[in-house]
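Residues per chain are reported as follows:
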Amino acid sequence: MKKHITSLFLIILFIVFCVFISINGKSKTILDVITPDKIKIDTKDGNETICIENVEAFSLEPSEEFFNKYSKELSLSKTDMISLGYLAQEYAQKTLQNQKITLNLSGKVTHECDYGTIKINGIDYKNLINNSGFGLENNKPANADKFRKNLENARKLHLVILNHHSNKYHTLDCPYGNAAHDRIIIPQKQLPKNAKPCKFCHQQTPKKFKLKKGIDIVKLPQIPQPTLALADGDIKILYTDFTKQLKPNNLCQANVCKELVNTINSAQNTLDIAIYGYQEIPAITFALTKAKNRGVKIRFVYDKCFTPDRDYYKDNDIIINLASSHISDKTANQTSSNMIMHNKFLIVDNKKVFTGSMNISPTGLSGYDVNDVVIINSKEIAQLYTKEFEQMLNGKFHKQKEKLNLPNKFILESSKVEIYFSPKDKTASRITQILHNAKKYIYIPAFLITHKDIANELILAKQRGVDVRVIIDANSTNTRNSKHTILRQNGILLKTENYAGKLHSKTMIIDDEYLIIGSMNFSNSGENKNDENTVIIKNAKLAKAHKDFFLYLWTMIPNKYLKQNARAEGPESIGSCSDGIDNNFNGKIDRQEPACH
């Protein structure tokens, strides 16, 4: 009996060892760099946190133990340490983000993370961080010369804490700044021009003060937080808040990404995907792979950029390899280079539609950009979308498509819904008709407005006393034919957003009655050239909820941007100089951008 138990134990031990060995040494993808010595990696079950062993480095939030250990030894203030941590985080993200690594787990596990070592292209990460001057070894900098240079650069940053709700900035050691919930650490040069110094920590002779127990010393204006998801009957609306997400990631933590995963997971028979392109999110790839494995038939339509250096969606092959059929608009028609397949919709089992303004990418699915998503449970609407999808799948894109001679107006449980497809349905004609009948307000969060008829209808509405307000993306003021100047000249309140992410919505809210949402920008190309879809919903509950979200964004953007335009990348656009994104499409990122110096 004892022999059998011993044999069984040895077999179990062997199996565990084999699993351990199989995990170790395999290539993994880094999803996020939490600190220079802590990362998230892609696994079959989603993601896993790894603490990198034998690496000690500066970080943005040094522990008291770390501070006490090195402050005297290296003659560093806490500000010095945080500033070094800021640069170390930049280095780690540049070195590790989205890289394939070889992971070797040590077997040590805590509630916080699993421990192990990592290699990039065969090079131990420990050697990289140590040689950078940000790593510490034997209680001193591993590379003393680079450490001194890093410290010199760190002190030039003049980092501050910005509370981007109160628009006040604090020194790094200010308890008022550290107590604030909505805060970011940025170089002082990147502060918005109207940011105000904290009167306690920026006085010439600072007062000594202590935090009193039980008293909230941070008195911030209470801005009502909007509901980012709302369902009514057969329709669910979701939107994302770029004031809270200042860097994109591919972790699939935002509500829109989780909802997309749930939508894919609900597919049992068919999944039709028409998107501008795919930039991989591991959780989405995993959901699509599971769908294929359980027998779901995947069909894929996408845009293919003629210029490879401008192709931001390089992972289309992942979906192509899972699809039973696929096509791009440029494959079907080589003459359509100035037209794009700009849809962003999925059809599930011919009974559910997931659509809106959101691209399937880290910037969209992380909530870094402002987007709107609508999910409609309706066989009739799904069948209409399927007819449009199959036109494209059969090689008819843009002006080659035929107008669908099918009903496009539907009565659902709580809503009246209209569906329009560009370029055949002349969507702007219906939009201007609704604007013409507006009586109380028209609120528009939109990437841009260049359509002449829409702009004229907004001006007419303003002249008859309608409250017209518009927020557009900072990039759009440089867009040819942008109507922002003429709208302002005619008394319309129009702000440019001032956050790192794009205001990517293509939305209108009218009179607590109509909500217009979809992929179509309010432009001539959106209406007359590109493949687009627009949903017009008549539902008071959904319109009011979206109005609240618009007014929240309006409050979060300073009134000075009613007259002046924020640059897409520069100090006035919060987070744009440290998000790792080329916000203004000039080929320069963060510190490479002259405006960020």
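Preceding this section is the structure that the text describes.
Engineer: Requested: an account of the overall build of the protein, with residues and values cited.
Structural biologist: Secondary structure assignment for the protein yields 17 helices and 28 strands. Across the 597 residues that make up the protein, the buried fraction comes to 55%. A fraction of 71% describes how many contacts in the protein between residues 6 or more apart in sequence connect residues 24 or more apart. Put simply, the protein shows about 27,700 Å² of open surface, and 50% of that area lies on carbon and sulfur atoms.

Engineer: For the state of the cysteines, give the residues involved together with the corresponding values.
Structural biologist: All told, the structure shown has three disulfides when counted by the stated rule. Between the sulfur atoms of Cys51 and its disulfide mate Cys113 the distance is 1.9 Å. Its S-S torsion of approximately -90° makes the covalent link between Cys51 and Cys113 left-handed. With a gap of 62 residues between them, Cys51 in strand 3 (residues 46-52) and Cys113 in the loop between strand 4 (100-109) and strand 5 (114-120) connect regions that are remote in the sequence.

Engineer: Report on the nonpolar core, specifying residues and quantitative values.
Structural biologist: If you look at the biggest cluster of nonpolar residues, it comprises 60 residues, and the most contacted ones within it are Ile235, Val301, Ile381, Tyr385, Ile419, Val535 and Ile537. Apart from residues lying up to four places away in sequence, Ile381 is in contact with Val353, Ile376, Phe410, Leu412, Val417 and Ile419. Membership of the second largest hydrophobic core comes to 37 residues, among which are Tyr70, Ile101, Ala154 and Leu159.

Engineer: So, the packing of helix 7 (residues 255-265) against helix 8 (residues 282-293): which residues are in play, and what are the values?
Structural biologist: Where helix 7 contacts helix 8, the two axes come as close as 9 Å, and the packing angle between them is 10°. With respect to their mutual orientation, helix 7 and helix 8 come out roughly parallel. For the pair helix 7 and helix 8, the contacting residues are Cys257, Leu260, Val261, Ile264 and Asn265 in the first and Ala283, Ile284, Ala287, Leu288, Lys290 and Ala291 in the second. Partitioned by chemical class, the residues of the contact of helix 7 with helix 8 number nine nonpolar, one polar and one charged.

Engineer: Give me the lowdown on the layout of surface pockets, citing residues and values where you can.
Structural biologist: The volume enclosed by the second largest pocket comes to roughly 450 Å³. Every residue lining the second largest pocket is counted, 13 residues in all, and those nearest its centre are Asp37, Val55, Glu56, Ser63 and Phe66. Of all the elements, helix 2 (residues 64-74) adds the most residues to the lining of the second largest pocket, at three residues. When its residues are assigned to classes, the lining of the second largest pocket shows four nonpolar, four polar and five charged.

Engineer: Tell me about the sheet that holds strand 27 (residues 514-518), and please be specific about residues and values.
Structural biologist: The strands making up a sheet associate through backbone hydrogen bonding, with each pair oriented either parallel or antiparallel. Pairing in this open sheet of eight strands is mixed, and the strands run 21-22-28-27-26-23-24-25 from one edge to the other. Each end of this open sheet is capped by a strand with a single partner; those strands are strand 21 (409-411) and strand 25 (493-496). Averaged over neighbouring strand pairs, the angle between their axes works out to 15° when direction is ignored. Where strand 27 and strand 28 (residues 532-538) come together, five bridges link them in antiparallel fashion. When the sheet's bridge partners are listed, Gly518 is paired in strand 28 with Thr534. Contacts from helix 12 (residues 379-393) reach strand 21, strand 22 (416-422) and strand 28, with the element oriented near 5° to strand 22.

Engineer: Would you mind going over the pattern of salt bridges in detail, with residue names and values included?
Structural biologist: All chains considered together, the criterion is met by 23 salt bridges. Between Lys244 and Asp241 there is a salt bridge, and its shortest N-O distance comes to 3.5 Å. A residue is classified by how much of its surface remains accessible, and Asp241, at 9% relative accessible area, is buried. A salt bridge links Asp272 to Arg299, with the nearest nitrogen and oxygen atoms 2.8 Å apart. Placement of Asp272 in strand 15 (residues 270-275) and of Arg299 in strand 16 (residues 297-302) is noted, with a sequence separation of 27 residues between them. Here Asp272 matches Arg299 in class, with each residue buried.

Engineer: Just give me the short version of empty space enclosed by the protein, but keep the residues and values in it.
Structural biologist: Within the structure shown, the criterion is met by three cavities of 30 Å³ or more. There is about 60 Å³ of room inside the largest cavity. Along the walls of the largest cavity sit Leu260, Ile264, Ile273, Ile275, Ile284, Leu288, Ile319, Leu346 and Ile360, which together make up its complete lining. For the lining of the largest cavity, the elements supplying multiple residues, two or more each, are helix 7, strand 15 and helix 8. Of the residues belonging to the lining of the largest cavity, the class tally is nine nonpolar, no polar and no charged. What the second largest cavity holds in volume is close to 40 Å³. Taken together, Asp473, Ala474, Asn475, Glu497, Tyr499, Ala500, Gly501, Lys502, Ala568 and Asn583 make up the full set of residues lining the second largest cavity. Within the lining of the second largest cavity, the residues separate by chemical class into four nonpolar, three polar and three charged.

Engineer: Tell me what's going on with the environment of Asp315, and back it up with residues and numbers.
Structural biologist: Within the secondary structure layout, Asp315 lies in the loop between strand 16 and helix 9 (316-320). A residue is classified by how much of its surface remains accessible, and Asp315, at 23% relative accessible area, is partly exposed. A sequence separation of 38 residues divides Asp315 from Gly277, and the C-alpha atoms of the two residues are 7.7 Å apart. Not counting residues up to four positions away in its chain, the partners in contact with Asp315 are Tyr278, Gln279 and Glu280.

Engineer: Help me get a handle on the sheet that holds strand 11 (residues 184-187), residues and values and all.
Structural biologist: An order of 11-9-10-12 is seen for the four strands of this open sheet, with the pairing classed as mixed. Of all the strands in the sheet, the pair left with one neighbour each is strand 11 and strand 12 (196-197).

Engineer: Could you give an account of the pairing of strand 14 (residues 235-239), with specific residues and numbers?
Structural biologist: For strand 14, the tally of buried residues reaches four of five residues, placing the bulk of the element in the interior. Pairing geometry for strand 13 (residues 229-232) and strand 14, over four bridges, is antiparallel. Considered in strand 14, the bridge of Ala229 is made with Leu238. Once strand 13 ends, the chain turns through two residues before running back antiparallel as strand 14, passing Gly233 with a positive phi of about 65°. Pairing of strand 14 with strand 20 (residues 372-377), which is carried by five bridges, proceeds in the antiparallel orientation. Bridge pairing in strand 20 links Ile237 to Val374.

Engineer: Let's hear about helix 12: which residues, and what values?
Structural biologist: Taking 1.5 Å per residue, 15 residues should reach 21 Å; helix 12 reaches 20 Å between its end C-alpha atoms and fits that length. The set of residues buried in helix 12 consists of Ile381, Ala382, Leu384, Tyr385, Thr386, Glu388, Phe389, Gln391, Met392 and Leu393. Trailing helix 12 by a residue or two, Gly395 shows a phi angle of about 95°, which is positive.

Engineer: Give me the environment of Asp114: which residues, what numbers.
Structural biologist: Its place among the elements puts Asp114 in strand 5. Using a relative accessible area of 18% as the deciding quantity, one classes Asp114 as buried. Separated by 62 residues in the primary sequence, Asp114 and Ile52 place their C-alpha atoms 8.6 Å from one another.

Engineer: Could you give an account of the side chain of Asn143, naming the residues involved and the relevant values?
Structural biologist: Assignment of secondary structure puts Asn143 in the loop between strand 8 (140-141) and helix 5 (144-157). Residue classification places Asn143 among the buried residues on the basis of a relative accessible area of 19%. Polar contacts involving the side chain of Asn143 include one to the main-chain carbonyl oxygen of Asn131, which spans 3.3 Å.

What counts as what
- Residues numbered from 1 in each chain as written.
- Predicted model: local features only at pLDDT ≥ 70, side-chain atom pairs only at ≥ 80, totals over all residues.
- Heavy atoms only, no water.
- Helix = DSSP H or I, 4+ residues; strand = E, 2+ residues; numbered from the N terminus.
- Buried < 20%, exposed > 50% of the residue type's maximum accessible area, 1.4 Å probe, protein only.
- Contact = heavy atoms within 4.5 Å.
- Areas by Shrake-Rupley, 256 points an atom, 1.4 Å probe, with all protein chains shown as cover.
- Disulfide = S-S within 2.5 Å.
- Core = buried A, V, L, I, M, F, W, Y, C linked by side-chain atoms within 4.5 Å.
- Axes fitted to C-alpha atoms, helices over the stretch in contact; angles between N-to-C directions.
- Parallel < 35°, antiparallel > 145°, perpendicular 65-115°, else oblique.
- Nonpolar A, V, L, I, M, F, W, Y, C, P; charged D, E, K, R; others polar.
- 1 Å grid on protein atoms, 1.4 Å probe; cavity = no way out; pocket = protein on both sides within 12 Å on 5 of 7 lines; lining within 4 Å.
- Points joined across faces, edges and corners; volume = space filled by probe spheres on them.
- Pairing = 2+ DSSP bridges.
- Salt bridge = Lys/Arg side-chain N within 4 Å of Asp/Glu carboxyl O.
- Expected span 1.5 Å × (residues − 1).
- Polar contact = N/O pair within 3.5 Å; in protein donor to acceptor, adjacent residues only side chain to side chain.

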